[in-house]
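The lines below spell out each chain.
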Amino acid sequence: MQILILNGPNLNLLGTREPEIYGSTTLADIAAACVEYGTQIGLTVQCAQSNAEGALIDHLHDARGKMSGVIINAGAYTHTSVALRDAISAISLPVIELHLSNTHAREAFRHVSMIAPVCLGIIQGFGAAGYMLALDAMKAHLTRV
Ligand code: CA2
């Protein structure tokens, strides 16, 4: 079971700024922890990050036929991108939406997710630990009876 973890705009800055919102763990640390945890639970994890909407869509398209599922922190594109939503819808793979922060406890513009209706579920508000929770959720989904 191959899982793509896709991170969107500005998440390459994790651990360097705004630790009170996003924590002090770097994206590289999160990626390494996800690969390690994935191995423990029987998932092969690949990670990618881009600040560009089109590149994120290309990653989603490339996942077709190769990946069993996708975990996406689409960053601010979550709240704006019909194109990302269409890409998620088009690939017919289970996709879990993830956020480090609880977007509903923040500004009103973060309360709307364009991608939520086409995702399997959402994990948010648990910081970096959310990525491991999402891997557990994806494993449970892929191995459900
Ligand atoms: O909570 C999340 O994971 C978000 O997806 C993060 C996005 C934000 O636009 C979403 O509403 C919620 C922002 C990512 C910015 O990441 C930074 C990391 C360090 C320093 C500055 C920004």
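Residues numbered from 1 in each chain as written. Predicted model: local features only at pLDDT ≥ 70, side-chain atom pairs only at ≥ 80, totals over all residues. Heavy atoms only, no water.

(A) Helix α2 (residues 27-41), seen in detail. With 15 residues, α2 extends 21 Å from end C-alpha to end C-alpha; this agrees with the ideal 21 Å at 1.5 Å per step. Residues of α2 that are buried include every one of Leu 27, Ile 30, Cys 34, Gly 38 and Ile 41, and no others. Down the axis of α2, the sector holding all buried residues measures 70°, keeping them to one side. In this structure, α2 carries Ala 28, Thr 39 and Gln 40 as exposed residues pointing more than 90 degrees from its buried face. Looking at the buried residues of α2, the elements they touch are β1 (2-7), β2 (44-49) and α5 (129-142). The positive-phi residue at the C-terminal boundary of α2 is Gly 42, with phi of around 85°. (Helix = DSSP H or I, 4+ residues; strand = E, 2+ residues; numbered from the N terminus. Expected span 1.5 Å × (residues − 1). Buried < 20%, exposed > 50% of the residue type's maximum accessible area, 1.4 Å probe, protein only. Arc of directions from axis to C-beta. Contact = heavy atoms within 4.5 Å.)

(B) The site of the ligand, seen in detail. Every one of the 17 residues lining the ligand counts as a neighbour, but Asn 73, His 79, His 99, Leu 100 and Ser 101 are closest to it. Between the ligand and the protein, one listed contact pairs an oxygen atom with a backbone N or O atom of Asn 10 at 3.5 Å. One of the backbone nitrogen or oxygen atoms of Leu 100 is found 2.7 Å away from an oxygen atom of the ligand. Among the residues making up the shell around the ligand, the classes are represented as seven nonpolar, seven polar and three charged. (Near = heavy atom within 4 Å. Polar contact = N/O pair within 3.5 Å; in protein donor to acceptor, adjacent residues only side chain to side chain. Nonpolar A, V, L, I, M, F, W, Y, C, P; charged D, E, K, R; others polar.)

(C) Spotlight on the sheet that holds strand β3 (residues 69-73). If you walk across this open sheet you meet the five strands as β2-β1-β3-β4-β5, and the pairing is parallel. Across the chains shown, the open sheet's two edge strands, defined by having one partner strand only, are β2 and β5 (121-124). Pairwise comparison of adjacent strand axes, ignoring direction, gives a mean angle of 20° for this sheet. Examined bridge by bridge, β3 and strand β4 (residues 95-99) share three bridges and lie parallel to one another. Its bridge partner being in β4, Val 70 is matched across the sheet by Val 95. (Pairing = 2+ DSSP bridges. Axes fitted to C-alpha atoms, helices over the stretch in contact; angles between N-to-C directions.)

(D) The pattern of salt bridges, seen in detail. With the rule as written, the count across this model stands at two salt bridges. A salt bridge links Glu 107 to Arg 106, with the shortest nitrogen-to-oxygen separation between them at 3.9 Å. Taking the relative accessible area as the measure of exposure, Glu 107 reaches 35% and is therefore partly exposed. Arg 110 is the partner of Glu 107 in a salt bridge, and the nearest nitrogen-oxygen pair spans 2.7 Å. Within the structure, one salt-bridge network assembled from shared partners comprises Arg 106, Glu 107 and Arg 110. (Salt bridge = Lys/Arg side-chain N within 4 Å of Asp/Glu carboxyl O.)

(E) Highlighting helix α3 (residues 53-63). Buried within α3 we find Leu 56, Ile 57, Leu 60 and Ala 63. All buried residues of α3 project into a common sector of 115° when viewed along the axis, lining one side. Among the structural elements, β1, β3 and α4 (82-91) are those in contact with the buried residues of α3. Directly after α3, the chain includes Gly 65, whose backbone phi takes a positive value near 80°.

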